[in-house]
2 protein chains.
Amino acid sequence: MILTVTLNTALDITYRIRSLRPHTTHRVSEVTERPGGKGVNVARVLAALGHEVTVTGFTGGATGRVVREKLASVPGVVDALVPVAGATRRTIAVVDDRTGDTTQLNEPGPTVTSAEWSAFQEAYAGLLPSASAVALCGSLPPGVPVGAYAGLIRTARSSGIPVLLDTSGEPLRRGVAARPDIIKPNADELAELTGSHDPLRATQDARRRGAGAVVASLGPDGLLAVTRFGRWHATPPAPVRGNPAGAGDSAVAGLLSGLIEQLPWPDRLARATALAAATVAAPVAGEFDPSHYQELLGRVAVTGEASAA
Amino acid sequence: MILTVTLNTALDITYRIRSLRPHTTHRVSEVTERPGGKGVNVARVLAALGHEVTVTGFTGGATGRVVREKLASVPGVVDALVPVAGATRRTIAVVDDRTGDTTQLNEPGPTVTSAEWSAFQEAYAGLLPSASAVALCGSLPPGVPVGAYAGLIRTARSSGIPVLLDTSGEPLRRGVAARPDIIKPNADELAELTGSHDPLRATQDARRRGAGAVVASLGPDGLLAVTRFGRWHATPPAPVRGNPAGAGDSAVAGLLSGLIEQLPWPDRLARATALAAATVAAPVAGEFDPSHYQELLGRVAVTGEASAA
């Protein structure tokens, strides 16, 4: 199975309202809820692609119970979340009905104790022997040490299991130094890591810092990958209108599934790009239509070159 | 005991953020949760005044479980809520850190089936024999007939139990026709009911429509009461700065407790006005400081006259 780690899981709530006006009262016309956090989103897409996935990370409180109940109804996803005393955070996306513009409110998440962090590390070590790959995704909740991902990467690598890291800020900086197989920063995260706003230069620099492969997500411009096998740029067939929420997580699922299936890099990138574009186009945030994905897959352009052997 | 009815209970969530800017992402720095809905707020204040209170209404889903858990820790309040299949609504108050300005997002509440509504009416009839007074508070959730309060008022009156109604719109209009002992509209609700924006005229008109006594809450201008014993105007000692959320519910608790204790109307109005002002001044929405309440109570001015006997 593929193991995805979401230390800061979430209950993602979407509110539809007429139009957000600060300091007034709004009636919410529609409420939707789904389990979230980047690794949970990645797991859902991997399961939809036919892979066996296990999700781990932390969950707690009343919102944690709802996350687990809802996860139980996602076929192909196994729940190996570790309980904490604090409550799983909510994220609230407030969508204006007319324009589709979204205002986001994100709770910080529970404070994790050192005993809970130790319990997680044990659970993680216990799951690794069954894992063919690991994805470490998203922000760290309060109380988890900033070098958490670096430690989890070393544990996986010492067992010979490939690791993808998708985070930002200091956890990314520390994580990269632990030599993950793949990182997938977006343009802002890459610039913060390297100090360079030139995507190619920054991607190359991130690789020199320790990542085996760097796949930069450039929004509508697709994916730019620098690996030891070469460098490529994958672009979607046309600008896609829609909601970019979850597109990066779909790209991660594409990269991981391509890794497991031992696809050549250009095919992995085409898959990741088509999944991201199909996610943007889907009416529900984070979902994708399989037939639209297949249709886009045939039309992604991948340019670049393999390295001299 | 005093029975308070909250058909649309809520989990009231408060988020502190730096400043709300539509269509951007916000990190919530502080999350607080408490059981809410007007009748629940009234019950909490009555319990703080030393009265035995039972709360009924509907509760369901994960948010309903949280409401019940939190209610269990309020001393003096007995939970007689009736389960529904839908989820209790959330209300979210987003408070800007610097200015204290609040943006409110209110979920609509669960849709109540006719079987659930029948179950509630049975539970209500079962609670009435132990009740010395009833407060019917707040909006109706989807599925509950618009004449709901009118029916509940008739049931209570046929058992000789005094009823206070605090709602708005069509449920208020229909409820008033069923002759509740007291209604407590605010200025907007009163204008909507009567078509008049003149507080005294509107209050008198509302009484002619069927209410035994009308107590209009005029915000910083206090309470205006027209009853068969006379008419009075109670004003707080000085303008109170703070959060008006819950002040109306504290006033209802003051009126109900004064009714049970058979206080003269001017004393009931002084108590309700002091409780409302103390609630506005309290740092936590809906709470009040008992010593501040006592201090304000001695300084409320009540003017007016008793009717000729």
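Residues numbered from 1 in each chain as written. Chains lettered and ligands numbered in written order. Predicted model: local features only at pLDDT ≥ 70, side-chain atom pairs only at ≥ 80, totals over all residues. Heavy atoms only, no water.

## Focus: the overall build of chain A
In terms of helices and strands, chain A carries ten helices and 16 strands. For chain A, the spread of C-alpha atoms along the principal axes amounts to about 60 × 45 × 40 Å. Counting only residues that meet the buried cut, chain A has 54% of its 309 residues in that class. Put simply, of all contacts in chain A between residues at least 6 apart along the chain, 65% involve residues at least 24 apart. With the model as given, the accessible surface of chain A reaches about 12800 Å², and the carbon-plus-sulfur share is 51%. The average position of the 29 basic charges and that of the 28 acidic charges among the side chains of chain A differ by 3 Å. (Helix = DSSP H or I, 4+ residues; strand = E, 2+ residues; numbered from the N terminus. Buried < 20%, exposed > 50% of the residue type's maximum accessible area, 1.4 Å probe, protein only. Contact = heavy atoms within 4.5 Å. Areas by Shrake-Rupley, 256 points an atom, 1.4 Å probe, with all protein chains shown as cover. Lys, Arg positive; Asp, Glu negative; His and termini not counted. Charge placed at Lys NZ, Arg CZ, Asp CG, Glu CD.)

## Some remarks on the relation of the copies chain A and chain B
The two copies are related by a screw motion: chain A maps onto chain B through a turn of 180° and a shift of 0.0 Å along the axis, at an RMSD of 0.0 Å. With respect to symmetry, the two chain copies, as superposed, fit the operation of a two-fold axis. Closest approach to the rotation axis among the C-alpha atoms of chain A is made by Ala62 of chain A, whose C-alpha sits 3.3 Å away. (Least-squares fit on C-alpha atoms with pLDDT ≥ 70 in both.)

## A closer look at the environment of Glu192 of chain A
With respect to the helices and strands, the residue Glu192 of chain A is situated in helix 6 (residues 187-194). Not counting residues up to four positions away in its chain, the partners in contact with Glu192 of chain A are Gly169 and Arg173 of chain A.

## Regarding the pairing of strand 1 (residues 2-6) of chain B
Along any regular strand, the residues point their side chains to alternate faces of the sheet. All names here are of chain B. Of all five residues in strand 1, five are buried; the element is thus mostly enclosed. Inspection of the sheet shows strand 1 paired to strand 5 (residues 53-59) by five bridges, in the parallel sense. For Val5, the partnering residue across the bridge sits in strand 5 and is Thr56. Pairing between strand 1 and strand 10 (residues 133-137): four bridges, direction parallel. Across the sheet, the residue bridging to Val5 is Leu136, located in strand 10. (Pairing = 2+ DSSP bridges.)

## Considering the side chain of Thr6 of chain A
Residue and element names in this part refer to chain A. Structurally, the position occupied by Thr6 is in strand 1 (residues 2-6). At a separation of 3.2 Å, a polar atom in the side chain of Thr6 contacts the main-chain amide nitrogen of Gly39. At 3.1 Å, the side chain of Thr6 and the backbone nitrogen of Val40 are in polar contact. The contact partners of Thr6, leaving out residues within four places of it in the chain, are Gly36, Gly37, Lys38, Gly39, Val40, Thr56, Gly57, Phe58 and Cys137. (Polar contact = N/O pair within 3.5 Å; in protein donor to acceptor, adjacent residues only side chain to side chain.)

## Thoughts on the pairing of strand 14 (residues 223-227) of chain B
All names here are of chain B. With five of its five residues buried, strand 14 lies for the most part within the structure. The side-chain alternation of strand 14 yields two buried faces, one formed by Leu223, Ala225 and Thr227 and the other by Leu224 and Val226. Connecting the antiparallel pair strand 13 (residues 213-217) and strand 14 is a turn made up of five residues, with Gly219 showing a positive phi of about 60°. Strand direction decides the pairing type here: strand 14 and strand 15 (residues 230-235), joined by five bridges, are antiparallel. Within the sheet, the bridge partner assigned to Val226 lies in strand 15 and is Arg231. The antiparallel pairing of strand 14 with strand 15 creates a hairpin that spans two residues between the two strands.

## Quick look at the interface of chain A and chain B
Opposite the 31 residues of chain A that make contact, chain B presents 31 residues. Interface area for chain A against chain B, summed over the two sides, is near 2600 Å², with a carbon-plus-sulfur share of 56%. Its largest share of buried area at the contact with chain B, chain A owes to His23, Arg90 and Leu105 of chain A, together 23% of the area lost on that side. Applying the counting rule to chain A against chain B returns four salt bridges. Here chain A and chain B share 18 residue pairs in polar contact (both at pLDDT 80 or more) between them. Among the elements that make up the side of chain A that touches chain B, the one with the highest residue count is strand 9 (residues 102-106) of chain A (five residues). (Buried area = accessible area lost by both parts, 1.4 Å probe. Salt bridge = Lys/Arg side-chain N within 4 Å of Asp/Glu carboxyl O.)

## A short note on the pattern of salt bridges
All told, the structure shown has 29 salt bridges over all chains when counted by the stated rule. Of the charged contacts in the structure, one is a salt bridge between Arg299 of chain A and Glu295 of chain A, with a shortest N-O distance of 2.8 Å. We note a salt bridge from Asp205 of chain B to Arg208 of chain B, for which the minimum N-O separation is 3.8 Å. Of the two residues, Asp205 of chain B and Arg208 of chain B both sit in helix 7 (residues 199-208), three residues apart, roughly one turn of that helix. Asp205 of chain B gets classed as buried once you look at its relative accessible area, which sits at 16%. Salt bridges sharing common partners tie together Lys38, Asp166, Lys184 and Asp249 of chain A.

## Structural notes on the UniProt feature "domain: Carbohydrate kinase PfkB" (unreviewed entry) in chain A
Under the UniProt annotation, the feature "domain: Carbohydrate kinase PfkB" (unreviewed entry) is placed at residues 17-285 of chain A. Helix makes up 39% of residues 17-285 of chain A and strand 23%, whereas the separation of the span's terminal C-alpha atoms amounts to 16 Å. (UniProt positions renumbered as here; feature names shortened; annotations may be inferred.)

## A word on the environment of Ser73 of chain A
Following the sequence through the fold, Ser73 of chain A ends up in the loop between helix 2 (61-71) and strand 6 (77-79). Of the polar contacts made by the side chain of Ser73 of chain A, one reaches the backbone oxygen of Lys70 of chain A; its length is 2.8 Å.

## Regarding the environment of Leu3 of chain A
All names here are of chain A. Locating Leu3 in the fold gives a position in strand 1. For Leu3, a relative accessible area of 0% puts it in the buried group. For the pair Leu3 and Ser132, spaced 129 residues apart in sequence, the C-alpha to C-alpha distance is 7.7 Å. Look past the residues within four positions of Leu3 in its chain and what remains in contact with it is Thr54, Thr56, Tyr124, Leu127, Leu128, Ala131, Ala133, Val134 and Ala135.

## Looking at the nonpolar core
Ranked by size, the top nonpolar core spans 67 residues in total, and within it Leu105, Leu256 and Leu269 of chain A together with Leu105 of chain B carry the most contacts. With ten residues, helix 9 (residues 265-281) of chain A is the single largest residue contributor to this core. With 44 residues, the next largest nonpolar core counts Ile2, Ala43, Val77 and Ala247 of chain B among its residues. (Core = buried A, V, L, I, M, F, W, Y, C linked by side-chain atoms within 4.5 Å.)

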